[in-house]
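# Structural description and commentary
Each chain, letter by letter, is given below.
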Amino acid sequence: MASKIDSSENEAERYSELFQGFSKLDREERFLRLQEMGALSPEDVRFLRAGAPVGLDLAEKFIENVLGFFQLPLGVATNFEIDGKPYVIPMAVEETSIIAAASKTAKWVREHGRIMTSMHGREIIGQIQIAKATDFQNVREAVKRNAAHWVEIANRDVASGLVRRGGGVKRMDVRQVERGDGGVMAVIHVFADPCDAMGANIINQVCEYLKLPIEAATGEKVTMCILSNLVDTRLTRARVEMVGLDDDLMERIEEASLFAQQDPYRAATNNKGVLNGIDPILIATGNDWRAVEAGVHAYATQTGQYRSITRWRREKNVLVGELEAPIVLGVVGGVTTLHPTAKMCLRMLKAGSAEELSRVCAAVGLVQNLGALRALTTVGIIEGHMKLHIKNLTLGAGAEEREIPYVQKRLEEILSLHKRISLSHAIEVLKELRAERARELP
Ligand code: MEV
């Protein structure tokens, strides 16, 4: 055990050294550092240098009416140490400053504390609906009488692969749901452990397979079979603890968290910021980000009001942050195993299981949230965001290579003076620069 701790400490130190000044490096130097960490192989680097090409026939396997691929920038967030293990976090995302904020905040957390994660429950949920239950009590008794047998045949005939890997269908239950017209629905839940898969296909197949036996045993008509994305039986938690922070800053963060707990308008934006950290990892690793989004937002309403999925509070001199949400992911099956970039990103992460990947996502989401709250309650979001955005505005205005440094510098000055910057500023500055140059010409 001691040697395991020693080796992850050494690994963490090595990563921390290799991440120093990472954002200032050019792409080739980044490749070298990531190779030194063992996060990229020489083959991965060749693939990335070539623009990560993916054949169109692969697109044909995924979707219909294919025209081509839509590419997103792929980067890595640095400085993450989660449960004592250092990570290179791949993120596919178009929004400026998400990766910079995640990396900067992760460094701040590493200097002042730690990130811990856990998973609670392993089961995903499938739903079998009887829309117009004529006798709910009868359905309840039939489920009670037959559940063990249905679990057994589902495991034997549909989920035997999962059973071999230690998972499979575990149990069944039934809920009564009001129709709103005086009648009731019977909704039978099937719970399964999907191991390292996200489990959508298998749970849907299990539910459809059980349709006929359920109809036979209940005398009712099954109307629909589909998984639920509100997976409150498989919750991922992350916790950040930090010491040595300014009292005033801790109070501001606690206040910002209260705002997001109490006001759904703020909660939506807060949770968007959390998902800024999570979605890019899901996309990079080929996971279904719509499923996670749906689950997270549904879980955010569990008290009857939409609230933040994160909480920050002071416990004496410790700033404590917590996130709890259903983040159901896979590291095998579907896009995760077919898309070469997703496969590379999963290797880069070195997350050995679906559970570990979910825990990493929870940690990054919580840290991303902390970065946003820190900025919002101190300098404001514009400063950091717009500084990076200046680069995009400069290019958007049509600046040529040799014009870029001047335009960027002028835009920074305008930003610090007016606290506001837009594409029209960039166009104006560029126009002035060109007019100036034209005057200087003989
Ligand atoms: C912007 O993409 C995300 C934020 O709005 C999140 C937040 O307000 O907490 C900055």
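The residue numbers shown here count from 1 along each chain, following its written sequence. For this predicted model, a pLDDT threshold of at least 70 governs which residues receive local features, and a threshold of 80 or more governs which side-chain atom pairs are given and counted, while totals over whole chains, interfaces and linings are taken from all residues. Side-chain measures were taken over the full set of non-hydrogen atoms in the model, leaving aside hydrogen atoms and water.

### Topic: the sheet that holds strand 10 (residues 318-325)
- We call two strands paired when DSSP finds no fewer than two bridges between them. Helix and strand definitions follow DSSP, with helices as H or I runs of at least four residues and strands as E runs of at least two, each counted in order from the N terminus. The strand order across the open sheet formed by 4 strands is 3-8-10-9, and the pairing between neighbours is antiparallel. Edge positions in the open sheet fall to strand 3 (113-120) and strand 9 (310-315), since each of these has one partner strand only. Strand after strand, the sheet turns through a mean of 15° between neighbouring axes, direction not considered.
- With 8 bridges connecting them, strand 8 (residues 235-243) and strand 10 associate as antiparallel partners. Opposite M242, over in strand 10, you have L319 as the bridge partner.
- Strands strand 3, strand 8, strand 9 and strand 10 of the sheet are contacted by helix 14 (residues 354-376), whose axis makes an angle of about 45° with strand 8. The axes used here are C-alpha line fits, helices contributing only the stretch in contact, and every angle between their N-to-C directions lies in the interval 0 to 180 degrees. What makes two residues a contact is simply this: any of their non-hydrogen atoms within 4.5 Å.

### A short note on the pairing of strand 2 (residues 85-92)
- Counted residue by residue, strand 2 has 7 buried out of 8 residues, so it is predominantly covered.
- Two elements, strand 1 (residues 74-82) and strand 2, share 7 bridges in a ladder whose sense is antiparallel. Considered in strand 2, the bridge of A77 is made with I89.
- Here strand 1 folds back onto strand 2 in antiparallel fashion, the turn holding 2 residues, of which D83 has a positive phi close to 55°. For the exposure calls, accessible area comes from a 1.4 Å probe over protein chains only, and a residue counts as buried if that area is under 20% of its type's maximum, exposed if over 50%, partly exposed in between.

### Remarks on the site of the ligand
- Any residue with a non-hydrogen atom lying within 4 Å of a molecule or strand is treated as near it. Lining the immediate environment of the ligand, one finds E95, R266, T269, N270, K272, G273, N276, A372, L376 and I381.
- Nitrogen and oxygen atoms within 3.5 Å of one another constitute a polar contact, given that in protein one can donate a hydrogen and the other can accept it, and given that sequence-neighbouring residues count only through two side-chain atoms. With respect to the ligand, the side chain of E95 contributes an N or O atom lying 2.7 Å from an oxygen atom.
- Taking K272, its side chain carries an N or O atom lying 2.7 Å from an oxygen atom of the ligand.
- Here the open area of atoms and residues is found with the Shrake-Rupley method and a 1.4 Å probe, where only the protein chains shown may cover a residue. Contact with the protein chains covers 83% of the free accessible surface of the ligand, which is 300 Å².
- Here the nonpolar group is Ala, Val, Leu, Ile, Met, Phe, Trp, Tyr, Cys and Pro; Asp, Glu, Lys and Arg are the charged ones; every other residue, Gly included, is treated as polar. Residues that form the shell around the ligand fall into these classes: 3 nonpolar, 4 polar and 3 charged.

### Quick word on the sheet that holds strand 7 (residues 224-228)
- Within the open sheet, the 4 strands sit side by side as 5-6-4-7. Their pairing is antiparallel. At either end of the open sheet lies a strand with only one pairing partner, and these are strand 5 (168-178) and strand 7. Direction aside, the axes of adjacent strands within the sheet are offset by 25° on average.
- Sheet topology places strand 4 (residues 124-130) next to strand 6 (residues 184-193); 7 bridges connect them, and they run antiparallel. From the neighbouring strand, G126 faces strand 6, where its bridge partner is V190.
- Each of strand 4, strand 5, strand 6 and strand 7 is contacted by helix 8 (residues 200-218), which is oriented at about 35° to strand 4, the strand it contacts most.

### Let's talk about helix 16 (residues 404-418)
- The span one expects for a helix is its residue count, reduced by one, times 1.5 Å. Between its first and last C-alpha, helix 16 extends 21 Å over 15 residues, near the 21 Å set by a 1.5 Å rise per residue.
- With its phi angle positive at about 60°, K419 sits one or two positions after the end of helix 16.

### Digging into the side chain of Q129
- In this structure, Q129 sits in strand 4.
- Q129 gets classed as buried once you look at its relative accessible area, which sits at 16%.
- Excluding residues that lie within four positions of it along the chain, Q129 makes contacts with M185, A186, V187, K221, V222, T223 and M224.

### Examining the domain arrangement of the protein
- Partitioning the protein into domains gives domain 1 (2-117 + 235-378), domain 2 (125-228) and domain 3 (382-440).
- Contacts between the two partners involve 4 residues from domain 1, matched on the other side by 4 residues from domain 3.
- For the domain 1 and domain 3 pair, buried surface summed over both sides reaches about 320 Å², with 61% attributable to carbon and sulfur atoms.
- What counts as a salt bridge is simple: a side-chain nitrogen of Lys or Arg found within 4 Å of a carboxyl oxygen of Asp or Glu. Counting across the domain 1 and domain 3 interface gives 0 salt bridges.
- One can count 1 residue pair in polar contact (both at pLDDT 80 or more) joining domain 1 with domain 3.
- For the side of domain 1 that touches domain 3, the residue count by class is 1 nonpolar, 2 polar and 1 charged. Boundaries of every domain are those given by an automatic assignment or by a domain database. Buried area: the accessible area, evaluated with a 1.4 Å probe, that two parts lose upon being put together, summed over both parts.

### Notes on a nonpolar patch on the surface
- Patches were defined on residues exceeding 30% relative accessible area and lacking a salt bridge, with like-charge contacts within 9 Å and nonpolar side-chain contacts (Val, Leu, Ile, Met, Phe, Trp, Tyr) within 5 Å. Together, F70, L72, I283 and W289 make up a nonpolar patch on the protein surface, roughly 400 Å² of accessible area in all.
- With respect to the helices, strands and loops of the structure, I283 is situated in helix 10 (residues 264-284).
- The class for I283 is partly exposed, based on a relative accessible area of 31%.

### Notes on the nonpolar core
- Formed by 52 residues in total, the largest nonpolar core has its most connected members in F80, I89 and I327.
- A per-element tally of this core places helix 14 first, with 10 residues.
- Filtering out sequence-adjacent residues up to four positions away, I327 remains in contact with R234, T236, I278, V292, S358, C361 and A362.
- Nonpolar cores are built from buried Ala, Val, Leu, Ile, Met, Phe, Trp, Tyr and Cys residues. Side-chain atoms within 4.5 Å join them into one set. Core analysis: the next-biggest nonpolar cluster, separate from the first, contains 37 residues, I153, V190, C195 and C207 among them.

### Some thoughts on the environment of E255
- For E255, the location among the structural elements is in helix 9 (residues 247-262).
- The exposure class assigned to E255 is partly exposed, which follows from its relative accessible area of 47%.
- For the pair E255 and T377, spaced 122 residues apart in the sequence, the C-alpha separation amounts to 9.1 Å.

### Describing helix 13 (residues 340-349)
- Across the 10 residues of helix 13, 7 count as buried, placing the element largely inside the fold.
- When we look at burial in helix 13, the residues that qualify are T341, A342, M344, C345, L346, M348 and L349.
- In this fold, the buried residues of helix 13 make contact with helix 3 (42-49), strand 1, strand 2, helix 10, helix 12 (335-338) and helix 14.
- Looking one or two residues past helix 13, K350 carries a phi angle of roughly 55°, positive in sign.

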